[in-house]
Every structure is written in structure tokens, then in C-alpha cells.
Amino acid sequence: MDGEGSVVEDENPFKSPEKKRRFTSFQSSWKSSFDWIAESRRGPQHVTCKICGCDFTISHGGRHDIQRHASSEKHRQNSKHVLYVRSTQGHDEQNSCATKVTAAETAFVSMIAEHNLSFTCGEHILKFIKKHCADPEVVKKISCGGTKAACIARDVMGPKYQNDVVAMCRKLPFCVYLDKNMDWGEEKLLVILVGFFDVDLEKNVIRFLDMPRCVSETSQAVFDCLMETMRKFNVPAGNLVAFSSENDASMTGSEDSVLSRLKSLSPGIVNLGGVCHLAEICSNVGVEALSAPLAELVSDIHSYFSSSAHKQHRLKTLGVLVDLELLKTIKRVPVRWLHLSKVIKHVSDLWPALLPYFINCESRASKVELISERLQNQELRLVFLYLQFALQPLCQFHSKLQNTDSRVVTLHEDVNRIIQLYAGRLLKPEAAAKFITERDLSLLDDVDSMLQNEEIRLGSEVREYLRVHASSISSADTEKKIYKKAALFCTAVLKKMLQSSAEHYSLLKNAGVFLNPESKLKLSGKLAVDLASQVGMCLTGEEEYQLLDEFSVYQLSDTIDVKTESNPHVNDTNACVVKYWGTVLKQMCGSEGELPIFKKLMLVLLCLPHSHAEPQRAFSIVQKVKAEVRHCLTLKALIGLLSIKMNEDRECFEVQYPTEILEAAKKATSVYNKEHKSLK
């Protein structure tokens, strides 16, 4: 029998002795096989069935009695019912949870809409909640109203990020980026950004430094404001090695500008503004050389259709849709033709539909007559078609400069490639080769060096138009005129390109070669010394020899291979070179005393501004935060918000703040309240 039984004896002494009987008792180990049984209140010879709700005896068969009950019809039917009830309850619980989740998601979207937040912001908020609000006690006690949030941003986190940037500027060479077009009520603000090579991040970064009040927009006022900021933060003027701003005479002019004043203090300051804006400048002078009423025609078409919904509807009935928002960009001052390549293509595509529309237009107002006359001008139409082809290389070059990674390594090659392309479109091969080698501008005015008309490239659109309209064009002598305009465009672009890049041609060429790890063993020590001189590092004779020694240490060290599977930019030369130098500077120049002059030279080269795109994005962030914020905030609070937003690369839910910052955040509101009370 299963288990230990109890012996029952008959107390009647007159009965004949019988064999002793053993009864089975409940065993706890049976629960592992039959989870529906429990000990019975009737004693150890019984068990309770939790499914049937009854007790039955196990005194005779023990485990066999339990199995016999399990196979009974009553138990089988009850088991089916219990399973159904349990599944229904689980499903109801799941449905209830899903309903609550949906309700929370709906309310969350409502909050996003109410406060005009982006969906990306909502995603970040959810990740923040999952990370920081998992503990119910934290959720109960967290409180961050307007006053407390402003105190933490203005007095704790903002200064923390600002001080981090200041610390980097005190020890690293940096580039300063300025924007003076910022208003704060009736006052003017100067936005000051700094760019430097962050060895830990292995990339060039742009950070927000400060936004002080500026008495006016004059070059002297801006210069004084910049110098006062550097003195306030105790940043050495010698660490300012490069300057970048909008292409404005008061900022970058050769005389009486912010740059000229900076150069008077440090003649070696580098300004690559001519190269940063090269594509825009060249496209503008090229279009101006055509002497065609391009902007006027686009502006008149926009004004005509934007003034009446009826006119737009009438054009739609012809199957034509005018993108008025796109055409509106022509009204921006100054006109930047590089950014208007889409406008040029749009008007060219609309031309076949616009021409009969304005010819047959019922209104014969002077504006309509002028538009009609210009649309019938075949030469003007050919100019629009040609510009789609002519501006394409400059657009591609400009797109490269929008890349956030430094392009100092290939910038010289990129500029040379554009020069080669336009020279090949204009000059005979021998003259083009001489022009590229000697950079002789007189060749552009030499008729004998020019290609014949039929050899000048106009693009497939122009060629097709000339073929289709050959009979009408030849009589009007229009074909010769478009060849002449193409020559004028290429000439203007080449002249401006050489003039704008001439000042830093040698620097860009030397820097590209020096930074390229593939040229490591081919470099000369003289190149290192020349580069140091070109970026304003005034070295003594002893320091020159020290630089040569440090350069030799680098040159003879093991080559570092950064083209690994973990590097997503394995085929991007600039990205690989930047990562390479980040690794070199960490391994070879990690401590303060190792290769100090060579390290500084590399940091200067890597912080040079290759484009104005990245700082423009940063300035746009400043404008956006200022516009949305929050006119009720003080300037200090705005500076705190900008410091937090622009000086942190990690996602907000990933940041772990040090203990001292958390302690300061605890005290922020109480400090504010004490100061506020003392003013009453």
C-alpha cells in the first residue's frame, strides 16, 4: 500500500484473532502529480478535490483511489468547466489591459497635439517614462512645475553644459561661428558657437557657447562683444584659430570687419568662408553673367496665379499644377540660384502649358503681355533649359559640403574637380590643362583657347530643343546666342572659383595630403612646418625641431586601420580619416606631455570649418527655440535651454548626470525662493 498506514485493533477479547488491517493516509508528494487535490478536514484517510468540491476516501487504494476519481465522469465534466472559466477570465484580463493601454495611448497623443509636440518627442517621453518612472514611489513624489523646471535649466544644467564647453575651449584650438541677426525685444543678441575636434567622440563638433547682448550690429560692437565673452569665461585668445560667419562685409571683409580686427590680434586666424560659400557664390555670378530676366519671369508668374484662386483653377482644368510655394522662394533677398534649381526645372516643365495659356489669356494687362512675351522668347527658354545642366555640378558639390563629417581631407580635390569640369566645358584640352596647372585667368579671355560652338556642352535638354525647333531657331540666330551665354556662364564660374579659393589653395592642398593616412610615409617634415605656419602657429626655432621630432614619432609608428566592420562609413574617405586621427590622437597624444606641438597642429587642421551648413543648422535651432519659448523666460533661462539642447549628443533618456548635478538640482528651487524673498 502507498504511504504509512495506521493499525486498527478489535477490542473484543472474545472474538477469534483476525489479521491486522492497514489503511492509507494522505501524502503531500501526491500534489506534484495531482495539483487539484488538498488535505481533507475529515482526516488523513480522505482528500479534497478542488475541482469537484467534494471529499473522497483514499484509505483502501491510496493513489489508485485518486486516479479512479480523476477518471470519473463527474470529475471530467467539472475539469472542462474549470478550464473554460479560467481561459475566459484570462482573456477578459487581457482585454481589460489592452483597453487601458489604448486609452493611455489615445490620451498621450492628445497631450502631444495640445502642446504642439513632435511625434519623435513623444517617443522620447515614453522611453523616459519607462526608464525613470518604473518605481511607483518615484512617480508619486516627482514634481517639476514651471518654476522648478526653469530653475534647474537656468541655474544647474545650463551652466553645467556651458562650463563643459568652456573647459574644452581653454585647452583645445577652436573655430568661432557668429550670427548677429538675433533680436530679443528691442535688443540685439550675438549668437556665439564654437567648433573643435572632440578626441573622445572622434569627430568635429559644434557647441553653443553664449548669447550675450550686443549694442549694435557694427563690426566694432560685434568684435567687442566676442572679446568680452572670451574674457568672461577666461578663454585664451590664442586658442581661437579659425573664424566663420555669413558672407558679409562687416563680418569677413578685408577692412573694418570682425575678421580684420581678429587678424590684427592674431594674424594666423583662418577663414575658409570663400570655400564654404563657393558653390553659392559661383552659381550667382554665373547666372548674373547670362543677363536674362529669370527672376523677373518667375516672380511675375507667381504673382499672377497667387492673386486669384480662379486663375489657378483654370490652369488645373488644363492638367497643369503650379507649385506656388516653390515659386515663392524666388522673392527671397538675396536670390540664391543654387537653391533655386528646383524652381528652374519646375518653370521649364510648365513652359509648354504656360505659353498657350498666356497667349490666349482674356486679360491683356501689361503684366500678362510681359509674361507672354517672355514665354515666347526662345532664347530665354533655352537659358532655363541650360541652367538645369549648368548648375548640376555646383549642386552636387554643395550637397557634399552639407555633410556633417569634416571634408578638409578631400576639399582641395573636390574644388579641383569642379574647376576641371567647367574648364573642360569651355576650353580646348591643351588650354584647359594649362589653366588648371598654372591657374592663369588670362586664358579665359583668349578666344583661341575656347572650344568651337558645336563643341561646347549645353546639356541634353537644350540639344533636344535645338533639334526639334531647328527651322525656327536658325533664322533668329538664337543658337549662337545660347552658345555664347554658356561660355559666359563657365567663364564667370571659373574666375570666381579661382579667386575665392586662391587664398587657401595651398593650405587645403597641404592639409588634404597631410591628413591622409595613405600618404603617411611619403610626407616630409617640411610639410609639417609649412602647415603649422599656414594655420598661424608661430613656432620658434626650437619648437620647429620639436615638431619635426614629434612628426617622426608619428610617421614611424604602427599604422592604424580604421576600416572595420563596426565602422559604417568604411567607404567614406573623410569619415575614415577623421576616425583614424581620433584614434591616433587618443593613442599617441593621450597625455598632456606627449607630442604637444604635433597634437595641436592636428587639432587645428581637424577643427577648420569645411562648410557653413552645420553652423547654419545650429543657428536655426537657436531661432526655433527662441521663437517657441517662450517670451516669458529670461535671457539666462533661454541660454540655459540652448546649452542643454545643443551641447549634448546623447538622447535625453540615455544621459546619466553626476551626483553633484543632482544635488544642485535638489537645491535649485530653494535657492531661487530665498533670492526671490530677499528682493521683496
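The rules behind each value
- Residues numbered from 1 in each chain as written.
- Predicted model: local features only at pLDDT ≥ 70, side-chain atom pairs only at ≥ 80, totals over all residues.
- Heavy atoms only, no water.
- Helix = DSSP H or I, 4+ residues; strand = E, 2+ residues; numbered from the N terminus.
- Contact = heavy atoms within 4.5 Å.
- Areas by Shrake-Rupley, 256 points an atom, 1.4 Å probe, with all protein chains shown as cover.
- Buried < 20%, exposed > 50% of the residue type's maximum accessible area, 1.4 Å probe, protein only.
- Pairing = 2+ DSSP bridges.
- Phe/Tyr/Trp six-rings, centres within 6.5 Å; stacked < 30°, edge-to-face > 60°.
- Lys NZ or Arg CZ within 6 Å of the ring centre and 35° of its normal.
- Axes fitted to C-alpha atoms, helices over the stretch in contact; angles between N-to-C directions.
- Arc of directions from axis to C-beta.
- Patch = residues over 30% accessible without salt bridge, like charges linked within 9 Å, V, L, I, M, F, W, Y side chains within 5 Å.
- Salt bridge = Lys/Arg side-chain N within 4 Å of Asp/Glu carboxyl O.
- Parallel < 35°, antiparallel > 145°, perpendicular 65-115°, else oblique.
- Left-handed = near helix turned anticlockwise from the far one by under 90°.
- Nonpolar A, V, L, I, M, F, W, Y, C, P; charged D, E, K, R; others polar.
- Expected span 1.5 Å × (residues − 1).
- Core = buried A, V, L, I, M, F, W, Y, C linked by side-chain atoms within 4.5 Å.

*Asks:* Provide a residue-level description of the overall build of the protein chain, including the pertinent values.
*Replies:* Check the secondary structure of the protein chain and you find 30 helices and 10 strands. Taking all contacts inside the protein chain whose residues are at least 6 apart in sequence as the whole, residues at least 24 apart take part in 65%. Within the structure as shown, the protein chain displays about 36,900 Å² of accessible surface, and the carbon and sulfur contribution to it stands at 52%.

*Asks:* Break down the pairing of strand β7 (residues 187-198) for me, citing the residues and quoting the values.
*Replies:* The element β7 is extensively covered by neighbouring structure, given that 10 of its 12 residues are classed as buried. As defined by bridge partners, strand β6 (residues 174-184) adjoins β7 across 8 bridges and the pair is classed as antiparallel. Following the sheet pairing, Tyr 177 is matched in β7 by Leu 193. Joining the antiparallel neighbours β6 and β7 is a turn of 2 residues, in which Gly 185 adopts a positive phi near 70°. The pairing of β7 with strand β9 (residues 213-214) spans 2 bridges and is antiparallel. When the bridges of β9 are listed, Lys 188 appears paired with Cys 214. As paired strands, β7 and strand β8 (residues 203-210) are joined by 7 bridges and run antiparallel to one another. Within β8, the residue paired with Leu 193 across the bridge is Phe 208. A loop of 4 residues connects β7 with β8, the two strands running antiparallel in sequence, and Glu 202 in this loop sits at a positive phi of about 60°.

*Asks:* Can you tell me about the packing of aromatic side chains, naming the residues and giving the values?
*Replies:* Applying the stated criterion to the full structure yields 20 aromatic pairs. When the ring of Tyr 386 is compared with that of Phe 489, the centres are 5.9 Å apart and the planes differ by 90°; the resulting orientation is edge-to-face. Of this pair, Tyr 386 sits in helix α16 (residues 378-390) while Phe 489 sits in helix α22 (residues 478-501), placing them 103 residues apart in sequence. For the pair shown, Tyr 386 and Phe 489 are each scored as buried. Relative to Trp 581, the ring of Tyr 554 lies with its centre 5.0 Å away and its plane at 35°, an arrangement referred to as tilted. Of the two residues, Tyr 554 sits in helix α25 (residues 541-555) while Trp 581 sits in helix α26 (residues 573-587), which places them 27 residues apart along the sequence. Residues Tyr 554 and Trp 581 agree in their burial class; the two are buried. Members of the aromatic cluster, each reached through a chain of ring pairs, are Phe 514, Phe 551, Tyr 554, Tyr 580, Trp 581 and Phe 598. Note that Arg 425 overlies the ring of Tyr 422, its terminal NZ or CZ placed 5.4 Å from the centroid. Positioned above the aromatic ring of Tyr 554, the side-chain terminus of Lys 520 is 5.0 Å from the ring centre.

*Asks:* Can you tell me about the sheet that holds strand β4 (residues 46-49), naming the residues and giving the values?
*Replies:* Spatial ordering of the open sheet is given by β3-β4-β5, a layout of 3 strands whose pairing is antiparallel. Only two strands of the sheet have a single neighbouring strand rather than two, namely β3 (37-39) and β5 (54-57). On average, each strand axis in the sheet is inclined to that of its neighbour by 40°, with strand direction left out of account. Its contacts with the sheet put helix α1 (residues 63-70) on β3, β4 and β5, and the angle it makes with β5 is roughly 135°.

*Asks:* Before we move on, can you summarise helix α19 (residues 429-438) with the specific residues and values?
*Replies:* For an α-helix the count is 3.6 residues per turn, leaving residues at separations of three or four pointing the same way. Here α19 has its buried residues at Ala 431, Ala 432 and Phe 435. Seen end-on, α19 carries its buried residues on one side only, within an arc spanning 100°. Relative to its buried face, α19 has exposed residues pointing more than 90 degrees away, namely Pro 429, Glu 430 and Thr 437. Buried residues along α19 sit in contact with α18 (408-426) and α22. Arg 439 lies just past α19 and shows a positive phi near 55°.

*Asks:* Provide a residue-level description of the pairing of strand β10 (residues 240-244), including the pertinent values.
*Replies:* Across the 5 residues that make up β10, a large majority, 5, are buried. Two elements, β6 and β10, share 4 bridges in a ladder whose sense is parallel. Looking at the pairing, Val 176 lines up with Phe 243 of β10.

*Asks:* Mind laying out a nonpolar patch on the surface, listing which residues take part and the relevant values?
*Replies:* Taken together, Leu 126, Phe 128 and Ile 129 make up a surface patch of nonpolar side chains, about 230 Å² in accessible area. Note that Leu 126 resides in helix α3 (residues 119-132).

*Asks:* Account for the packing of helix α14 (residues 341-359) against α16, with residues named and values stated.
*Replies:* One way to put it is that α14 packs onto α16 with a least axis distance of 9 Å and a crossing angle of 135°. The angle between the axes of α14 and α16 places the two elements in the oblique class. In terms of crossing hand, the pair formed by α14 and α16 is left-handed. Side by side, α14 and α16 meet where Ile 344, Lys 345, Val 347, Ser 348, Trp 351 and Pro 352 of the first sit next to Leu 380, Arg 381, Phe 384, Leu 385, Leu 387 and Gln 388 of the second. Of the residues belonging to the contact of α14 with α16, the class tally is 8 nonpolar, 2 polar and 2 charged.

*Asks:* Which residues make up helix α6 (residues 219-232), and what values do they have?
*Replies:* Helix length check: α6, at 14 residues, gives a terminal C-alpha distance of 20 Å against a target of 20 Å (1.5 Å per residue), a fit within 8%. All buried positions along α6 are accounted for by Ser 219, Ala 221, Val 222, Phe 223, Cys 225, Leu 226, Met 227, Thr 229 and Met 230. Directly beyond the C-terminal end of α6, a positive phi value near 55° is found at Asn 234.

*Asks:* Break down the nonpolar core for me, citing the residues and quoting the values.
*Replies:* The biggest cluster of nonpolar side chains holds 166 residues, and the ones touching the most others in it are Leu 178, Met 211, Tyr 386, Phe 489, Phe 514, Trp 581 and Leu 605. Among the elements that line this core, the one with the most residues is α22, at 10 residues. Those residues in contact with Met 211 that sit more than four places away from it in its chain are Met 182, Leu 189, Leu 190, Val 191, Val 622, Leu 635, Leu 638, Ile 639 and Leu 642. Counting residues in hydrophobic clusters, the runner-up holds 12 residues, among them Trp 30, Trp 36, Ile 37 and Ile 66.

*Asks:* Provide a residue-level description of the pattern of salt bridges, including the pertinent values.
*Replies:* For the structure on display, the rule yields 26 salt bridges. Across the pair Asp 183 and Lys 188 runs a salt bridge whose closest N-O atoms are separated by 2.6 Å.

*Asks:* Lay out unusual backbone geometry in plain terms, naming residues and giving numbers.
*Replies:* In most cases, non-glycine residues show a negative phi, while peptide bonds are predominantly trans. With phi around 60°, Glu 202 is a residue other than glycine that occupies positive phi space. Counting through the fold element by element, Glu 202 comes out in the loop between β7 and β8. Residue classification places Glu 202 among the buried residues on the basis of a relative accessible area of 15%. For Asp 256, which is not a glycine, the phi torsion comes out positive at approximately 50°.

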